[in-house]
Each structure stands twice: as C-alpha cells, then as structure tokens.
There are 6 protein chains.
Amino acid sequence: MNLDDYRIADEPFYRPVADEIALFEAAYGDRLPVMLKGPTGCGKTRFVEHMAWRLGRPLITVACHEDMTASDLAGRFLLSPEGTVWHDGPLTTAVRHGAICYLDEIVEARQDTTVVIHPLTDARRVLPLDKHNEVIQAHSDFALTISYNPGYQSAVKDLKESTKQRFVAIEFSYPERDVEAAIVAREAGVESGLADVLVAIGARSRNLRGQGLDEGASTRMLIHAGRLVRAGMPIETATRSAIVLPITDDADMREALSGAVAACIA
Amino acid sequence: MNLDDYRIADEPFYRPVADEIALFEAAYGDRLPVMLKGPTGCGKTRFVEHMAWRLGRPLITVACHEDMTASDLAGRFLLSPEGTVWHDGPLTTAVRHGAICYLDEIVEARQDTTVVIHPLTDARRVLPLDKHNEVIQAHSDFALTISYNPGYQSAVKDLKESTKQRFVAIEFSYPERDVEAAIVAREAGVESGLADVLVAIGARSRNLRGQGLDEGASTRMLIHAGRLVRAGMPIETATRSAIVLPITDDADMREALSGAVAACIA
Amino acid sequence: MNLDDYRIADEPFYRPVADEIALFEAAYGDRLPVMLKGPTGCGKTRFVEHMAWRLGRPLITVACHEDMTASDLAGRFLLSPEGTVWHDGPLTTAVRHGAICYLDEIVEARQDTTVVIHPLTDARRVLPLDKHNEVIQAHSDFALTISYNPGYQSAVKDLKESTKQRFVAIEFSYPERDVEAAIVAREAGVESGLADVLVAIGARSRNLRGQGLDEGASTRMLIHAGRLVRAGMPIETATRSAIVLPITDDADMREALSGAVAACIA
Amino acid sequence: MNLDDYRIADEPFYRPVADEIALFEAAYGDRLPVMLKGPTGCGKTRFVEHMAWRLGRPLITVACHEDMTASDLAGRFLLSPEGTVWHDGPLTTAVRHGAICYLDEIVEARQDTTVVIHPLTDARRVLPLDKHNEVIQAHSDFALTISYNPGYQSAVKDLKESTKQRFVAIEFSYPERDVEAAIVAREAGVESGLADVLVAIGARSRNLRGQGLDEGASTRMLIHAGRLVRAGMPIETATRSAIVLPITDDADMREALSGAVAACIA
Amino acid sequence: MNLDDYRIADEPFYRPVADEIALFEAAYGDRLPVMLKGPTGCGKTRFVEHMAWRLGRPLITVACHEDMTASDLAGRFLLSPEGTVWHDGPLTTAVRHGAICYLDEIVEARQDTTVVIHPLTDARRVLPLDKHNEVIQAHSDFALTISYNPGYQSAVKDLKESTKQRFVAIEFSYPERDVEAAIVAREAGVESGLADVLVAIGARSRNLRGQGLDEGASTRMLIHAGRLVRAGMPIETATRSAIVLPITDDADMREALSGAVAACIA
Amino acid sequence: MNLDDYRIADEPFYRPVADEIALFEAAYGDRLPVMLKGPTGCGKTRFVEHMAWRLGRPLITVACHEDMTASDLAGRFLLSPEGTVWHDGPLTTAVRHGAICYLDEIVEARQDTTVVIHPLTDARRVLPLDKHNEVIQAHSDFALTISYNPGYQSAVKDLKESTKQRFVAIEFSYPERDVEAAIVAREAGVESGLADVLVAIGARSRNLRGQGLDEGASTRMLIHAGRLVRAGMPIETATRSAIVLPITDDADMREALSGAVAACIA
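Residues numbered from 1 in each chain as written. Chains lettered and ligands numbered in written order. Predicted model: local features only at pLDDT ≥ 70, side-chain atom pairs only at ≥ 80, totals over all residues. Heavy atoms only, no water.

> Please give an account of the UniProt feature "domain: CbbQ/NirQ/NorQ C-terminal" (unreviewed entry) in chain A that cites residues and values.
As recorded in UniProt, the feature "domain: CbbQ/NirQ/NorQ C-terminal" (unreviewed entry) lies at residues 180-263 of chain A. A distance of 19 Å separates the end C-alpha atoms of residues 180-263 of chain A, which is 75% helix and 0% strand. (UniProt positions renumbered as here; feature names shortened; annotations may be inferred. Helix = DSSP H or I, 4+ residues; strand = E, 2+ residues; numbered from the N terminus.)

This is how it looks when you write it as structure tokens:
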C-alpha cells in the first residue's frame, strides 16, 4: 500500500485566525482525537489539509453520509475479478499505514460508524476488524480528526455524549475581513478592491442568518463570484448567480440580499 | 470507452431569455459547478443540451430518484456473463472521459449521492472510488450541472447548505410570449396563429398557479396540444386532453381552465 | 424475441363512449404518451386492448405495485441455469421490439419507475440501461400508455408534476346505460331484460358513492351477477354475492344497496 | 409435478348453513374468483376444504402474512444443491396444474401479491412470470379463493377497490346452535349434553364482542374445551384454559366470561 | 439427526402451584398447542423443561425476537463449506423428529412466524416447507408450546385473534411464599431463614408494581441475592446489587425498595 | 484459537470507590452476569479491564450499536479467500474459549442480540449456534458483563424486564475528588496542583448537569485538558478545547462553564 496519493505536495493556502495551528499540533503530538466545529464553508477542510501538509502526514478524507456504515470505513470482503479479497476501508488504510483520517460530518453516518472509532480514540488505539480476524494496533503516525457543524444537529441526529467526550475541539468561524479578502483575491485571481467588495457582501449576508437565511455566504461563494467577474460577467450578475440564487428561494430574502449587494457595490 | 453516443449532433433549438448562455460559458470556463433552478418544463433540460452542443462536449444525463444511491452514480462490480467486472456509473464515465454530467433533480436521490459530488465540486476535482481502489482526477473537460425545482423542496428533502454553496445558479422561468410561440410553432409544426392561441392559454393557466394549481401548463403541454390539432383533433378536444385533464382533477379548476381556453379560442 | 404472445388475435369488444378512439389514434400517430384516467372497472384496460388490436400492435401490460422498482420494468442480470444473463424487463421488451407498453396504475410503483419513463416520453425517446451499458433508441412502433385513478391519489402517492405534464389524457367514466346493458348481456350471456335490471342496480350503487361507498359497482360486477344468475342462482343471491358483499361491510350501506336491488328487481 | 399431495382423500365434515355450497359451485363453474368473508374460526378453511373434496380438485392453501411477497406466491430461482433452478411458488403450481388456490387472509400480504392475482381474475386468466420468461395460461380447473375478515381491516391495510371488485363474496358466521353442537360433539368426541353446554358458553362469549372482547369464542375453542374434559379435566378448568384465558387478559372480562361459564354449567 | 442433545437428563426442580401439570399432560395427550401466560421470571421456562423431562420428550427452545423471521424457524438453504445445503430450522427439527418446540415470547417475532405455526396447530398438523418442496407431516410426538407475557403486549404487537384461539392457556404467577422460599434455598444454596427474608423482599417489591415499577423482583433475582450472600457479601449489598439496582433507576423507587429491604432484614 | 491477544499484560490503573471489586469477584465466582451502571466516562471500561487483569482472564470487549445484530456477536459463514468458512463472532469466541465478554452499551444493539445472551445467563449457560448446527456449553471461565447508562435510556430503547432481571448490578459514579485528581495527574502526566484545578472544574461542570448540560465533564476530558497544558497550551485554551467546546454549543452554557473554569484557575 502506497500512501503517496494521499500526501499533499504543495502547501495549501491557509491564513490562521487564532491559535488553531498550535492547538492542532499539541493534540497531534499526543495523538488526541480532534473535532473541528464550525459553519459550512468557513475553511475546516482547508485547515486539515494545511495541517496534514505542515505535519508531513498523508491525509485520507471521508465525506460521511446517511447511508455510510461501519464497513464502508473499516473494509469488507469484495467480489473482485481476482475472487474474494479483503479490502481495507479508508479508515483502516489510515490506521494501518499511518495517515491522518478526516471524517467530514461524521454525524451524518449511521451509528455503527461512531462505535468503530471508539477503541481508536482511547488508550487502546486499536481497530478490531472482526470479519478479518484481526485487531490492528494503530500506526504511531495515525490520528483521527472529525468535523461537526453545530447548526445542523438535531435531536435525532447528534453524536452521543460518549463519543463527543473523546475529542478535543477547535472552533472555526468565518475569517476576519482582511484575511478573507486576501483569500478571495488569491483564490479567485481578482484585485483586492473587488475582493473587499465581495467580503463586505458576505458579511452582510451573514448578518441575515437567523432572520430567514439558514447560513450566510461562505468564503467559497465569494470566490465563485470573483471568478465569474474575472470571466467577464458584470458584478451584479456574478453575485446574483454565485451568492443570492444558491442561498435562498425566498423573494423577500432575495430582495434584502440584492439590496445588500447594491449597497456594497455602490 | 467511446463517448460518441453522448455527443449531440444537431443543434438543439434554444431561444435564450437573458444572459444564461454567457453565464454558463463563464462557469464552464472555470469548471464551476452549475445549478439550474426553475419550474417543470420551462426548458432546463433543453438548455443544458444546447450548451453541451455549443461547447462541443458530450452530455451524460441522469434523472435522479428516491432509490438512487451513490453506487448508481459512481459504479459497482457487476455479475456479468464475463464474471465479476467493474462497471463505471454515469458520473464516473463523465469524470473519467470528460463529459458534462447533468444530474436532473438531484435532490430526489438519497443523501449519499450528494456526498459523492462534494470532492468533485471544490479545488480537488477528484472522485474517490473506494471499492475500486481508485481516485480519479477529473478530466479537464468534465463539468457538473444539476437542476433544482424550488417549488418541490420540503423540509425533509432539500439540498444541504454545504452542497448548495458549491454551485453557481442560473434561474429559469417560462419564456416570453413571442419566444414561446416561436417554440410551439416550430416543435408542434403548427402555424403561428394557433401557436399564439396556445401560448395565451398557457399564460392563463400559469396565473392560476397557487390558486389551486400546483404548476401552470409547461411549454411541452402547449406543443402536445398543437400536435393533436395538427393530427386533426378540434382545438377544444386537443387542449382538454393535452392541458386541462393532465394538470388537475378538481372540477372547479377544470371549469376555470376550460373557460380560459374558450376565451383564448374565441 | 417474438412478440406474438403479446398480439391480440380477436377484436376485444369495446363500445366507444365519445371520441376516445380518435384521440388515442391521434396521440399514437405522433407517439405522444397517453394517460387513461377514470374509476375502477370502467373499461380502461379493455380500451387499451381494443386500441392495440385496432392499431395492430402487440400490447405489454404491467400491473404496477408498491414494491415494483425500475429494474422490474427495465431488466436485470439474473442468475439462471445458464449462468448470469441479462433479462429485459417488460418495458425494455416493448421499447426494443415495438409494442405498446401499458403501465396500469403506475402511481403505485416506487418513484424510480417514473423516472425511467422520462427519457422515453420526450423528444429523446431513449431508454438508458445503465447496467447493461446500453442506450436503446425506442422502436418506431413503441408507445407508452399509463392509467391513473384520480379517486385513489393522495398527497404521499401521486405522480410528480414533471411526470404528469408528459402525457396527454383521456378521461373515462362508466358507459351510458344502453351501452352498459349491451356489454353485460354479451359478456354474461344473459338476456337484455336481466341486463337492464343489473345496469339499473349499478347506477343506483354509483349514486351512493361518496355517501359511504368508496366506489360504485363496476361493469365487471354486473357481469359477475349475470353469470351467477345464468348458473342458476336467484337474482337476489347473485346480486348480494357479486355486488353488495364485495363492495361494503357497513350494515347501513348494505341495507341501502339491498333496497336498491329490491327496487330494481320489482 | 404430482398434485396428489394436495388432494383431499376423506370428506371433510361440513354442515352447510345456507346456500353457500350452491353459490361456490356456481362460481367455480364459471371460474369466478371467490372471497370468503367472516370472523375467526367460523369454518371458512373447513368450507374450502370441503368444496375442494366435493369438486374433486386439489387444494393449495397459503396463509398470507406481512412479509409475503409476490415471489413467495409466484416462484423464484433458488440456489439449490443442483445449482440455480426455477421453483414454482404455490400459486403457480395451482395455476399450471389445475388446483384450487386458497389465499388465506390475503390482505395481510404485501401489495405486490394482490397485483399478481389481477390478470388471473379477469378474462385473461394468465399468470405472467416475468423472470422466468413465461406467461402461463391458467389450467381449466384452476380457480382462486381468498378469505377476508372484515373485523381486521383498517385504513392502512385493506384490499384496493380494484381488487375487491374482482370477486364474488360468500359470507360466513358462526353456525346455528344445533349445528355447532353436532360439530363440537363429533370433533371433540364428547356426548351431546356437554357439547350443548359448550355451545351455550360460546354463544354467551360472542354476545360480549364489542363490549370488551375483540372476538367471541370460535368453534375451535369449544372443541378444545371438550377435548380437555374428555382427557379428564374438570369442565371449569377446561373452559378456563381453552376459552377464558386465551381470549382476554382483562380481569373484568374474565369475570364476566367465568360467570357465563358457571351459568351454563349449572 | 440425533435429538439427544435436546433431551433433559436430570429432573428439573419444579414445585407445582395448582393443576398445571395435569393440564399440560391432558393437552399434550391430545397434542393441543399450549400457551403459557405470566410475568417475567415466574418459572414458565422451568415448567416446560420439567414437563419435557416428565413426558420423556426432547425440548427445543427458541427465544423469539424482533428480527426473527419464518425462515429462522423453518430453515433455509445455507452456503456452507460443502456447498449449498438445506438446513432445517429448530421448529422443523422438532416437527420432523418429534420434540416439544417451545417458542418463548413468540409475539416478539415478525408476523410471518405466527403464520408458519398455523397449519401445525389445527387438524392438519403439517409444516409446508415451500422452498424445500416438502410438506412435513408432524411426528406423532411433536407438540408446540409458546409463552406470552400479558404485561408486555401492546396494540402494535400482539398475537392475532386467529392465532390466540389455536391454543389452550395455562396461567402462571409467582409461587406461594413457602414454595418460593424452598426454591430460593435450594437454588442459591442458602439456609431457609435467609430464603424467607429474600422472599419477603420479593413480595414487597411485587406490591410496588404499577406504582412505578414495571415488574416486581423475579424468583431468579432472589436467588441471585442469596448467592451473593453465600459468596460473602452483606445482605444489604447483595439485595441492592441483585434486586434494587437492576429493577429501577428512579431515586424514589430505589428508596422505597431499600426501605422494604431494611424492614424485611430487621 | 489463541486468546493471548485478549489478555491484559499490565495492571490497568484503577482506584476503587466502594466495594465494587469484592462484588464483581463474588459475582464472577458464581458466574453471575454483571451489569455496570453509570454515566459516560466514569470508569466502567477501565474497571472491567482491571477486573479481567485481576482475575487473570482474557477480556473481549464489544461496543454495541444500532446496526449490530445477533450474527455480529455469534458468528456467521463468511465468503473468504479460502471459500465459505464459519467465523465465530466475539461472543462465541469468549464462550468457547473462556474469556470475560464485555458488551458495552448493549441496549444500543438490535433486540435479537439481547435474546442471544438469554440462554447464557441462566442455569443453562449455553449458546445455540443454529446455523452452525452447534450448541456450545460455555467454558467454565466464561462470564458476561454489560454496561448500561441509565441517562440514555428511553421508552423505545431499553432492556426488556426479562433481560434486566438476569443481571446483578454495580453502580458507578464519578470518583471522589482526591481519587480523580490522582488519576488525572497520573494519566495526563501533570503535577497534582494542576490536577486539583482540573478536577474542581470537572465537579463544577457536573453540577450543571440537568440545567442545560446532558452530562458533566468526564475524567477523560480532564486528562485531555491536562495533556494539552503539558504540551504547552495555556490552561484557558486547554480547558476550552478539551472541556467546554466538546460538551455544549449553547452560548449561555459555554459562558457558565467558562466562568467556572476561571473561578477554579484563579
């Protein structure tokens, strides 16, 4: 097994907001499991990619979903052209060969997945593969990171206390304005003036959260808008297509957002 | 693998309404994922066929549904007469060989499908095929387009914010009257006078939306009515069969629609 | 593949009520998909058999149900004594070889079935068989017909607007009295006097619909009663067994129906 | 295939109540499908066994249940020691070889089972076995009988109108006292005096139906009590064990039933 | 097949309460199906073991549960190292070779299991194994016994009337004090003074049933407490561990129970 | 089968709180099944590891979850590269070879799992492996232990009375302050002054339970905080990351917890 496909060759651009890099390094040093908390599109995935690069570890990312089971993470026997062969799942690959495993929105997965990670997140650091007659002692480089969006959780879908208490948490929010403008300018390839305008639009949209919007515009959306402008679209069209229309179908909210856009452009 | 079956040989007839062609070209130029929003039968499928033809790219269309899973999109090992063989799903075919993949009403599919598209819709542009031990870097021509009908969504069935925010959106509505009349005349093979009458009927039906009708008559229904007239049916019979009866079972609403038809014919 | 099993050798007896034959012929001429609407047992199945005979096309009928999936219609690989072989479903057989496919009460089936018919019911006229690596262009004789009983539909189980709008509709109701009496006399092998009485009983039962009865007696039930009389049962016993008892368990409604029977017999 | 296992060698004891034998014979003569309606344990199963014996036809009985599917009735390919072989289900066996098929409480089964019987219950009399590439024309001796307990049906679990209207119905109730006493004496092997007492107890229990009892004591329970007495148990113990305890857990209802027993014994 | 593993070599200790032994013998003599009714831990399982020993019949016990299906009882084809072989389920083993089959809490199983036993519990005494092409006539020694805890049943989970009425019932309750004390002394190996105290505690706990306790302490719990005392634990600790803590998490109820314990010990 | 992988080589650090060690030894001496009750992270898993070490028995731990079935515990035939082979599940391994089996939070598993343990927890001490044609008499060293968190249980998810009453229970709570401080100091490698502060923070968090917190901070969380401090993080950052953020997303509760932290640090 070669983990080189999972190594991150180039430094992912990341602008730290607080002490999150030091915290992650401290947790990784002790191999404490880490939970990244925060809203959509605020940079959690980018952060974990940056940390994997910084620590020189391969990163295996798994986007969890409702139909994901423990076998999807741990592995199974597969009928392949060579006959029945055991196939390590992505978590097992990380545990066996020493990668950072990032389970994105693990709360979406079925409950058996959270139980699989329990013996990996206490003093034992083992992964029992019952069907493969194997108990894997985790590679010394292995560490587990999960993400968790507090805005999504509901009574029926939340991590159990006995899972939550196994993680140290790092909280994320949208970056400060100047940081975000630098990110937008760099990622969209636009000049800083436009980036400032887009960031101002994003800030206004986030103020509307809870007043009819589920979430404000993410940094990603601001980058999308910037790219459309760079491709020749007028800024009104670009922000409408990249920010207003995807975020809401409510006529009043669209008008409010469009007004915010107009105010920022003016 | 030969994508020629998915190439569109003849220009699909499409009458632009606003700047949607430029927007789609800008998004495709940057390979930004695109979401087409709008009601039933207003031309979203036709538009994406037109754009695939215009951009010279093969188009793979997938009509999503409640029982569709990630494996239906990505692929699976199949028991075939040649034994167990890996079978690329339609999304994988598009990613690997460079087609535009159009996921029609993706919100109907099970949640694991939306997770599959996440790593294809950010900077990574990869499709991990865990069971096939493969991570596909998307072909440079690949792009993703989805459709979304805001009138259908409910609390239990909606795209997650973290999915929505990955797309730039283009909004569709019914075409302007003269545009629609030209479409009807061309597609049904009827003269423009009849087309004008049918478009007038369509417009009236759309005004009844929300007053007992879920949706007004689509352009497609107007074309159906035109074809029945061309086949020799009286216009009253044709519009009743192609428009009134399919759209509603409510006696009052049928009377209202029939009145609208009579007024337009007169 | 030989479709002869699906050809209808003898003219199915059908007495037209209005212009439904001309309408179906017009729709079939343009291969427009047809939706037959109307209550239980009013002759929709008989009509489509008659039309298939009249047009000289084989007819493949599929009774849809809650557990029916797209694969039941389209086909699948089956483990058969000869090994794994692809097996065309009934819809695929019709599409490939040019039959009329009649999906009876399609709304009962799971949603993926309705999506399967979408690309067959617009300009494309194709059936993608993803698992068989095949996209079938429909045979020029192929046409699709569905039935739809408005009295059955509920909020949770209805065709989507985007499906409904693909069909032209023909509405059915119970036949006129003299027509129905002719049918009953012919099918049950009874004299016209008895047929008249039975039809009068049927008409009374239909007036009770909505006052405690879900549906009135179908023509089929009247024929059953006629046959029991022909087999020697008294008319009171025959109508009780063929009409009253199957239709309701409510004591008051049974009394009302029995009174109606007595009045007609007298 | 040898249906001899399904032939009924000895006349099942059955005491007719009304004209049900003539009705069943009339229906069978025309191969009309028959629905037997009535409460638990009133003799429906015994009646159909008697009729199969009287008509000299093999009888295939299927007790339907919630998890029964169309394949359980029609058949499937099975992995057997000889490899993959097609296995006719009980309905198919009856259709192919000419038995009476009795579907006991078909409403309990999943909806796809009721759809399977539709083409067998109209003029077509065919059973399409899609997976076996076969359409079976029913054997001329084949007939279908179902049972239906009106007291069980609920809104979520009932036959569809389009199914009900395919059957002629015969209604059953508990036998008259002298008939029932003769049955109890014969089946339990007890003298007629005891049988009279047990039948009187049964009659009293049936009067309590709707006042706290779901159903009164069936004839079968009276026979059980008779047998326990014949085996040496006191009549109080026998009736308590065979009638009172199985029927209810409610203390008041038990007291009422015990009082009824005491009154009949005295 | 050798049923010796299921024979009970040594007489299971059982102290009769009333005429239950005679009743069971009478029912078994006629092979009437038996239903044992009563609360948790009052000796139903012990009774059936005692009766199997007394009658010299092997006993096959099946603990039913929510996920149990008819195939779990009847059998299925299994992929074993020798290839595909038919595997009799426990019910089939009992039917074929003549054991008493005890279905513990059958109401917990899925409904298809109750249907499986119907033809075994009337005059037919057959078990149809449809998939194995076999109808087994029950061995003359076979008999069926089920247990049923009236305190557990709910509207959604109860035996159907048509199932209940097939059984004669024997009711169980906790044994009389002196009987229970003898059982506790014998099974826990403690002197009768301690046994009396434990039985007094049990009696008090049963009085609290319905006032916050779902069930009182079973005889088994009293034995557990006795054993802990014999192993050297103080009686307060033993009763708390074996009775109070397992039975309730409610602080008030724990206090009430502890008070009852203290009163009995004093 | 070699159970050495499951032996615990080094004494797990455990500070007894009351008589739980003697109780467990008494229960194990008689092989009584044991239920450990108590909140998350209070040391139940550590205790059972300590007892397994103390008694010199291998320990097989199974973390139960919603999708766990009886086969996951007992075993199944697996398709492996060597063909179809029987694979003992973890419970079967323990029963057969004489380990202590610890089912962590068994109430999370599906109900069939609890039924599997019934015959192991009464006088029979057997594990029937129906599919493997085997009834295993438990090894004399085998014992069963389960955990149960009373705070988690709900009406829909609780052990049945007939299961609960099979166990003797030992109750756990958080350790006394000095005991917990010793644990934290030892496990986190921090000096006792810091450990005292962390324990004080833990105590305050537990007082908030029921006032908006589901559970207070576990000992594990205090250890995490200690480790982050040892890795160089300020105590405010460490406690926020290890305690406050994982435990709650409520702003008021976070403020209350942060105030408690500040008060303890000061």
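> I'd love a proper account of unusual backbone geometry, names of residues and values included.
Backbone geometry places B:R31, a non-glycine residue, at a positive phi of 55 degrees. For F:R125, which is not glycine, the phi dihedral falls at a positive 50 degrees. Summarising the element assignment, F:R125 is placed in the loop between helix 5 (111-117) and strand 6 (126-129).

> Just give me the short version of the domain arrangement of chain A, but keep the residues and values in it.
All names here are of chain A. On domain assignment, one finds that chain A holds domain 1 (3-171) and domain 2 (177-265). Once you take the C-alpha centre of each, domain 1 and domain 2 turn out to be 32 Å apart. In this complex, domain 1 contributes 8 residues to the contact, which on the side of domain 2 involves 10 residues. Roughly 780 Å² is buried in total at the junction of domain 1 and domain 2, and carbon and sulfur atoms are behind 53% of that figure. By the criterion of area lost to domain 2, the three top residues of domain 1 are F13, R15 and G41, representing 60% of everything that side buries. At the boundary of domain 1 with domain 2, the tally comes to 1 salt bridge. Linking domain 1 to domain 2 there are 1 residue pair in polar contact (both at pLDDT 80 or more). (Domains from an automatic or database assignment. Contact = heavy atoms within 4.5 Å. Buried area = accessible area lost by both parts, 1.4 Å probe. Salt bridge = Lys/Arg side-chain N within 4 Å of Asp/Glu carboxyl O. Polar contact = N/O pair within 3.5 Å; in protein donor to acceptor, adjacent residues only side chain to side chain.)

> Could you give an account of the sheet that holds strand 2 (residues 59-63) of chain D, with specific residues and numbers?
If you walk across this open sheet you meet the 5 strands as 2-5-8-1-9 (chain D), and the pairing is parallel. Whereas interior strands pair on both sides, the edge strands pair on one side only; in this sheet they are strand 2 and strand 9 (168-171) of chain D. Here the strands of the sheet are splayed against their neighbours by 20 degrees on average, with no regard to which way each runs. Looking at chain direction, strand 2 of chain D and strand 5 (residues 100-104) of chain D are connected through 5 bridges and run parallel. By the bridge assignment, D:T61 is partnered in strand 5 of chain D with D:Y102. Contacts between helix 10 (residues 235-247) of chain C and the sheet are confined to strand 1 (34-37) and strand 9 of chain D, with strand 9 of chain D contributing the most and set at about 85 degrees to the helix. Seen against the sheet, helix 4 (residues 90-97) of chain D touches strand 2, strand 5 and strand 8 (143-148) of chain D and runs at an angle of roughly 160 degrees to strand 2 of chain D. (Pairing = 2+ DSSP bridges. Axes fitted to C-alpha atoms, helices over the stretch in contact; angles between N-to-C directions.)

> Requested: an account of the interface of chain C and chain D, with residues and values cited.
Facing the 43 residues of chain C at the interface are 32 residues of chain D. Taken together, the two surfaces of chain C and chain D that pack against each other cover about 3300 Å², and 54% of this comes from carbon and sulfur. For the interface between chain C and chain D, the tally reads 5 salt bridges. Measuring nitrogen to oxygen at the nearest pair gives 3.0 Å for the salt bridge that ties D:E171 to C:R240. Taken together, the connections running from chain C to chain D amount to 8 residue pairs in polar contact (both at pLDDT 80 or more). With 7 residues, helix 10 of chain C is the single largest residue contributor to the side of chain C that touches chain D. Grouping the constituent residues of the side of chain C that touches chain D by class yields 17 nonpolar, 11 polar and 15 charged. (Nonpolar A, V, L, I, M, F, W, Y, C, P; charged D, E, K, R; others polar.)

> Give me the lowdown on the interface of chain D and chain E, citing residues and values where you can.
If you look at the interface, chain D gives 43 residues, while chain E gives 33 residues. Taken together, the two surfaces of chain D and chain E that pack against each other cover about 3300 Å², and 54% of this comes from carbon and sulfur. Inspection of the region where chain D meets chain E yields 5 salt bridges. Across the contact surface, chain D and chain E share 8 residue pairs in polar contact (both at pLDDT 80 or more). Secondary structure elements with two or more residues in the side of chain D that touches chain E: strand 2, strand 3 (75-80), helix 9 (219-230) and helix 10 (235-247) of chain D.

> Account for the pairing of strand 6 (residues 126-129) of chain B, naming residues and giving values.
Bridge count between strand 6 of chain B and strand 7 (residues 134-137) of chain B: 4 bridges; the pairing is antiparallel. If you follow B:L129 over to strand 7 of chain B, its bridge partner there is B:E134.

> I'd like a rundown of the relation of the copies chain D and chain E, residues and numbers included.
Once chain D is rotated about the relating axis by 60 degrees and shifted along it by 0.1 Å, it coincides with chain E to within an RMSD of 0.1 Å. The transformation relating the two chain copies, once decomposed into turn and shift, fits a six-fold axis. (Least-squares fit on C-alpha atoms with pLDDT ≥ 70 in both.)

> Give me the sheet that holds strand 8 (residues 143-148) of chain C: which residues, what numbers.
All names here are of chain C. Ordered in space as 2-5-8-1-9, the 5 strands form an open sheet in which the pairing is parallel. With one partner strand each, in any of the chains shown, strand 2 (59-63) and strand 9 (168-171) form the two edges of the open sheet. For this sheet, the mean inter-axis angle between neighbouring strands, taken without regard to orientation, is 20 degrees. Against the sheet, helix 1 (residues 20-29) makes contact with strand 1 (34-37), strand 5 (100-104), strand 8 and strand 9, and its axis sits at roughly 165 degrees relative to strand 9, the strand it touches most.

> Break down the pattern of salt bridges for me, with residues and values.
Under the counting rule described, the total for this entry stands at 108 salt bridges over all chains. A salt bridge links B:E180 to B:R206; the shortest N-O distance between them is 2.7 Å. Of the two residues, B:E180 is situated in helix 7 (residues 177-188) and B:R206 in helix 8 (residues 192-207); the sequence distance between them amounts to 26 residues. No difference in accessibility class separates B:E180 from B:R206, as the two residues are buried. Salt bridges sharing partners connect three or more residues here, namely A:K37, A:E171, F:R240, F:D249 and F:R254. (Buried < 20%, exposed > 50% of the residue type's maximum accessible area, 1.4 Å probe, protein only.)

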